[in-house]
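Coordinate analysis (summary)
Here's the letter readout for the chains.
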Amino acid sequence: QQQVRQSSQSLTVWEGETAILNCSYENSAFDYFPWYQQFPGEGPALLIAIRSVSDKKEDGRFTIFFNKREKNLSLHIKDSQPGDSATYFCAASGAGTGSNRLTFGKGTKFSLIP
Amino acid sequence: DMKVTQMPRYLIKRMGENVLLECGQDMSHETMYWYRQDPGLGLQLIYISYDVDSNSEGDIPKGYRVSRKKREHFSLILDSAKTNQTSVYFCASTTGVNYAEQFFGPGTRLTVL
């Protein structure tokens, strides 16, 4: 049973477009949702995160939209640039879901058409 | 500068050999993790360590063991490595404040022939 699901294994958009990466989850106890960005040959790094009490979190060109009722969220990358090409992991955590653990999705590999 | 280091970065071993992967962090983080990453499978949790000599199995602990004798060091050991343990292994650490914010090392690419 996959508790955090990313709908696309890969996504390609034109440079300058807004990319939308989707994620859904099953466990209602999840209350914190970080997105990690991973470049080839490197470890993942925290990009942006949202708590379930909010429906939107913005940080520069990156925005998370969160829908608690539907148990889904999305990462929007505005004005996509070549440096955004990476794999993006949606993750989830929450009290009572497993001490000090993050549950990761399988990742979406994002790339640009130059 | 907050940093997680991993050694070695690349390793080739034969089936049945023992493997030692090492991880260090300079942030005095209590909690550390070992994950493996395989194409299309994301990050799978092998072990968690809450502090020195306080370790807990993750989701896929079979075939692995860990050692943490100092807060800043966390080792992953494969006794008699198997070919299906070929993978990229990541170590991560976190403070006790927000364990969802994890700091990852650069990874070790292990090939078992």
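Structure shown above.
Below is a short write-up of the structure. (Residues numbered from 1 in each chain as written. Chains lettered and ligands numbered in written order. Predicted model: local features only at pLDDT ≥ 70, side-chain atom pairs only at ≥ 80, totals over all residues. Heavy atoms only, no water.)

**Brief notes about the overall build of chain B**
- The helix and strand tally for chain B stands at 0 helices and 11 strands.
- When the helices and strands of chain B are read in sequence order from the N terminus, they spell out β-β-β-β-β-β-β-β-β-β-β.
- Each principal axis of the C-alpha atoms in chain B carries an extent, and together these give about 40 × 30 × 25 Å.
- In chain B, which comprises 113 residues, the proportion classed as buried is 49%.
- Counted over contacts in chain B with a minimum sequence separation of 6, partners at least 24 positions apart contribute 53%.
- In the form shown here, chain B has an accessible surface area of approximately 5600 Å², with 50% of it arising from carbon and sulfur atoms.
- Each charge class in chain B was averaged separately, 13 positive and 13 negative side chains, and the resulting centres sit 8 Å apart. (Helix = DSSP H or I, 4+ residues; strand = E, 2+ residues; numbered from the N terminus. Buried < 20%, exposed > 50% of the residue type's maximum accessible area, 1.4 Å probe, protein only. Contact = heavy atoms within 4.5 Å. Areas by Shrake-Rupley, 256 points an atom, 1.4 Å probe, with all protein chains shown as cover. Lys, Arg positive; Asp, Glu negative; His and termini not counted. Charge placed at Lys NZ, Arg CZ, Asp CG, Glu CD.)

**So, the overall build of chain A**
- Check the secondary structure of chain A and you find 0 helices and 11 strands.
- When the helices and strands of chain A are listed from N to C terminus, the series reads β-β-β-β-β-β-β-β-β-β-β.
- Here the C-alpha atoms of chain A give a radius of gyration of 14 Å, agreeing with the 13 Å that 2.2 N^0.38 yields for 114 residues.
- The principal-axis extent of the C-alpha atoms belonging to chain A is close to 45 × 30 × 20 Å.
- When the 114 residues of chain A are sorted by exposure, 45% land in the buried category. (Rg over C-alpha atoms; globule rule 2.2 N^0.38 Å.)

**Topic: the pattern of salt bridges**
- Tallying each qualifying case throughout the model produces 10 salt bridges over all chains.
- Of the charged contacts in the structure, one is a salt bridge between B:Asp59 and A:Arg101, with a shortest N-O distance of 3.1 Å. Placement of the pair is B:Asp59 in the loop between strand E6 (54-57) and strand E7 (65-70) and A:Arg101 in the loop between strand E9 (86-92) and strand E10 (103-104), with the two residues belonging to separate chains.
- By relative accessible area, which is 57% here, B:Asp59 ends up exposed.
- One salt bridge connects B:Arg71 with B:Asp51, and the closest N-O pair in it is separated by 2.6 Å. Here B:Arg71 is found in the loop between E7 and strand E8 (73-78), whereas its partner B:Asp51 is found in strand E5 (residues 42-51), with 20 residues between them in sequence.
- Judged by relative accessible area, B:Arg71 falls into the partly exposed class, the value being 30%.
- One network of salt bridges, with partners in common, ties together B:Glu30, B:Asp51 and B:Arg71. (Salt bridge = Lys/Arg side-chain N within 4 Å of Asp/Glu carboxyl O.)

**So, the sheet that holds E7(B)**
All names here are of chain B.
- Strands sit in the order E1-E3-E8-E7 across an open sheet of 4 strands; the sheet is antiparallel. Strands at the two margins of the open sheet, each flanked by one partner only, are strand E1 (4-7) and E7. Each strand axis lies, on average, 20° off the axis of its neighbour in the sheet, ignoring direction.
- Of the pairings in the sheet, the one linking E7 to E8 comprises 4 bridges and is antiparallel in character. Within the sheet, the bridge partner assigned to Ser67 lies in E8 and is Ser75. (Pairing = 2+ DSSP bridges. Axes fitted to C-alpha atoms, helices over the stretch in contact; angles between N-to-C directions.)

**So, the packing of aromatic side chains**
- Under the defined criterion, the tally for this structure stands at 15 aromatic pairs over all chains.
- Ring centres of B:Phe90 and B:Phe104 lie 6.5 Å apart, and the angle between their planes is 80°; on these two criteria the pair is classed as edge-to-face. In this pair, B:Phe90 sits in strand E9 (residues 87-94) while B:Phe104 sits in strand E10 (residues 103-104), placing the two residues 14 residues apart along the sequence. Judged on exposure class, the residue B:Phe90 and its partner B:Phe104 are both buried.
- The structure contains a cluster of three or more aromatic residues connected by ring pairs, namely A:Tyr36, A:Phe89, A:Phe104, B:Tyr33, B:Tyr35, B:Phe90 and B:Phe104. (Phe/Tyr/Trp six-rings, centres within 6.5 Å; stacked < 30°, edge-to-face > 60°.)

**A short note on the state of the cysteines**
Residues and elements named next belong to chain B.
- The tally for this structure, following the rule as stated, stands at 2 disulfides over all chains.
- Each disulfide pairs two cysteine sulfurs, and for Cys23 the partner residue is Cys91, the sulfurs being separated by 1.9 Å. Between Cys23 and Cys91, the S-S dihedral sits near -75°, and the bridge is therefore left-handed. In this pair, Cys23 is assigned in strand E3 (residues 19-25) and Cys91 in strand E9, connecting sequence segments 68 residues apart.
- According to the relative accessible area criterion, Cys91 is buried, its value standing at 0%. (Disulfide = S-S within 2.5 Å.)

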